[in-house]
Amino acid sequence: MRFHVLGVPHTQTTKEFTACAYTQKVWKFCKMMKDRGHYVIHYGHEFSNPEADENVTVLSNKIWEEVYGEHDYKSKFFKYDTGDKAYREFFRNAIKEIGKRKQKNDFILPFWGAGVRPICDAHPDLITVEPGIGYPWGIWSRWKIFESYAIYHAWCGLDKVAQCNQDNYATVIPNYFDLDEFEFCEEKEDYFLYVGRVFNGKGVNIAIEVTEKLGVKLKVAGQLSDDYPTPDSFPPHVEYVGYVGVEERKELMKKAKASFLPSQYVEPFGGVQVENLLCGTPTITSDWGAFVENNIEGVTGYRCKTFGDYIQACQNIILGEIDPKDCRKKGEEFSLENVAPQYEKYFQDVLNVHDGKGWYTIYKI
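Given the structure is predicted, the values throughout are model-derived calculations rather than measurements.

Draft legend 1. Broad picture of the layout of surface pockets. Taken as a whole, the largest pocket holds about 1,200 Å³ of empty space. Every residue lining the largest pocket is counted, 48 residues in all, and those nearest its centre are Ala19, Ala21, Tyr22, Phe77 and Arg197. Here the lining of the largest pocket is composed, by residue class, of 24 nonpolar, 14 polar and ten charged.

Given below as structure tokens:
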């Protein structure tokens with residue numbers, strides 16, 4: 001199979017942009033599918049370096065710096081506009097470069113969804129698949145892969161409960177992770193952890209209040225928001241460690257007693273949760289969204305609703321109620337090797353619609 005993979009215009013497809021889940025999905029997808037023998041063409045920033053058969057530059061660093069250079073994405077969340085000069089340049093060049101390379105039955109993959117839709121619309125002869133839907137708006141393509149049943153069912157809405165017209169080609173395939181980026185560790189140090197955007201919508205305030213009540217240390221890593229505008233915004237028991245790359249993230253996660261992910265919205269996936277599990281670190285989450293699918297109560301951590309629930313979860317973890325080996329075992333379900341066949345099966349199902357018997361295709365056993 002052949003894939004035209006579209007990067008995220010306001011980032012660079014490198015391991016350094018760990019804070020953008022969509023950028024990291026692009027990076028990992030290229031590696032995952034190239035390793036399986038598929039032909040992968042990536043389109044992105046001049047400095048992008050995923051493992052692809054072709055890395056096509058469609059945005060120069062000069063223009064990227066002109067538009068985003070003054071914004072420090074490591075201290076503040078990403079700032080962009082899909083109509084800005086960088087996006088326009090990205091669109092124009094990607095449309096042209098894809099035109100030079102496309103072949104019949106090629107796939108084009110907009111990991112940034114509607115954010116790069118103009119490129120897909122310019123090539124209606126290609127098969128557009130939204131390959132990892134975790135965003136709440138702008139979902140448009142005929143072929144859709146959601147990253148959890150939580151986000152898929154939210155998109156379906158209550159109307160679908162009363163109707164018999166569900167789409168068999170709107171599917172769910174979870175996010176995927178490179179096991180080489182994480183290290184299992186059973187020996188934990190005396191701190192809890194929060195990694196992610198540092199704003200109350202992600203529940204960092206809950207993590208702060210719970211650890212303060214228990215008198216334990218909390219380490220916080222991530223981009224700051226208006227809720228916490230400076231590194232001095234935290235109480236004394238909190239250590240703000242800033243933006244973390246791959247190595248810093250691994251070290252923080254593998255030694256933490258547990259990691260907080262108390263998102264106050266329906267979390268489409270929450271990749272940080274799986275990253276912690278791969279390090280053998282239990283997760284303390286809210287009780288909705290993808291956490292219901294991926295955080296097994298009493299096995300990989302705890303799902304909480306009230307302040308008391310969060311206190312009890314921490315106390316159970318301090319007492320050793322969660323086995324780090326169970327966390328790692330669950331995390332490995334999301335390895336590149338385990339998830340790749342699910343993508344291949346879906347892409348083949350879609351190809352069967354274009355060039356075969358469609359839904360009635362029978363696979364050889």
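Next comes the rest of the write-up.
Draft legend 2. Expanded view of the packing of helix H1 (residues 21-35) against helix H12 (residues 336-355). Where H1 meets H12, the axes come as close as 10 Å, and the angle between the chain directions of the two elements is 80°. Looking at the two axes, H1 sits roughly perpendicular to H12. Listed contacts from H12 to Lys28, Phe29, Lys31, Met32 and Met33 of H1 are Leu336, Val339, Ala340, Tyr343, Glu344 and Phe347. Here the residues of the contact of H1 with H12 are counted per class, giving eight nonpolar, no polar and three charged.

Draft legend 3. Seen up close, the nonpolar core. In this structure, Leu6, Tyr43, Phe90, Ile98, Ile108, Ile119 and Phe146 are the most contacted members of the largest nonpolar core, which totals 36 residues. Looking at this core, the elements that each hand over two or more residues are strand S2 (39-45), strand S3 (54-59), helix H2 (61-68), helix H3 (85-101), helix H4 (117-121), helix H5 (149-156) and strand S7 (170-172). Among the elements that make up this core, the one with the highest residue count is H3 (six residues). Ignoring anything within four residues of it in the chain, the contact list for Phe146 reads Ile133, Ile139, Ile151, Tyr152, Trp155, Ala170, Thr171, Val172 and Ile173.

Draft legend 4. How the structure looks around the packing of aromatic side chains. In this structure the tally under the stated criterion is 32 aromatic pairs. For the pair Phe29 and Phe347, a centre-to-centre distance of 6.3 Å together with 85° between the ring planes defines the contact as edge-to-face. Placement of the pair is Phe29 in helix H1 and Phe347 in helix H12, with a sequence separation of 318 residues. Judged by centre distance (6.0 Å) and plane angle (50°), the ring pair of Phe192 and Phe260 falls under tilted. Taken as a pair, Phe192 in strand S8 (residues 192-195) and Phe260 in strand S11 (residues 259-261) lie far apart in primary sequence, 68 residues in all. Accessibility assignment for this pair places Phe192 and Phe260 in one class, buried.

Draft legend 5. Seen up close, helix H8 (residues 271-278). With eight of eight residues buried, H8 is to be regarded as a mostly interior element. Restricting attention to buried positions, one finds in H8 the residues Gly271, Val272, Gln273, Val274, Glu275, Asn276, Leu277 and Leu278. Residues of H8 that are buried in the fold lie against S8, helix H7 (246-255), S11, strand S12 (283-286), helix H9 (291-294) and helix H11 (324-331). Where H8 ends, the next residue or the one after it, Gly280, has phi of about 80°, a positive value.

Draft legend 6. Structural detail: H5. By the burial criterion, the buried members of H5 are Ala150, Ile151, Tyr152 and Cys156. The secondary structure elements touched by the buried residues of H5 are strand S5 (127-133), strand S6 (143-146), S7 and H9. Between the side-chain oxygen at the start of H5 and the backbone nitrogen of Ala150 there is a gap of 3.4 Å, and the oxygen is on Ser148. Just past H5, the residue Gly157 takes up positive phi, approximately 80°.

What counts as what
- Residues numbered from 1 in each chain as written.
- Predicted model: local features only at pLDDT ≥ 70, side-chain atom pairs only at ≥ 80, totals over all residues.
- Heavy atoms only, no water.
- 1 Å grid on protein atoms, 1.4 Å probe; cavity = no way out; pocket = protein on both sides within 12 Å on 5 of 7 lines; lining within 4 Å.
- Points joined across faces, edges and corners; volume = space filled by probe spheres on them.
- Nonpolar A, V, L, I, M, F, W, Y, C, P; charged D, E, K, R; others polar.
- Axes fitted to C-alpha atoms, helices over the stretch in contact; angles between N-to-C directions.
- Helix = DSSP H or I, 4+ residues; strand = E, 2+ residues; numbered from the N terminus.
- Parallel < 35°, antiparallel > 145°, perpendicular 65-115°, else oblique.
- Contact = heavy atoms within 4.5 Å.
- Core = buried A, V, L, I, M, F, W, Y, C linked by side-chain atoms within 4.5 Å.
- Buried < 20%, exposed > 50% of the residue type's maximum accessible area, 1.4 Å probe, protein only.
- Phe/Tyr/Trp six-rings, centres within 6.5 Å; stacked < 30°, edge-to-face > 60°.
- Polar contact = N/O pair within 3.5 Å; in protein donor to acceptor, adjacent residues only side chain to side chain.

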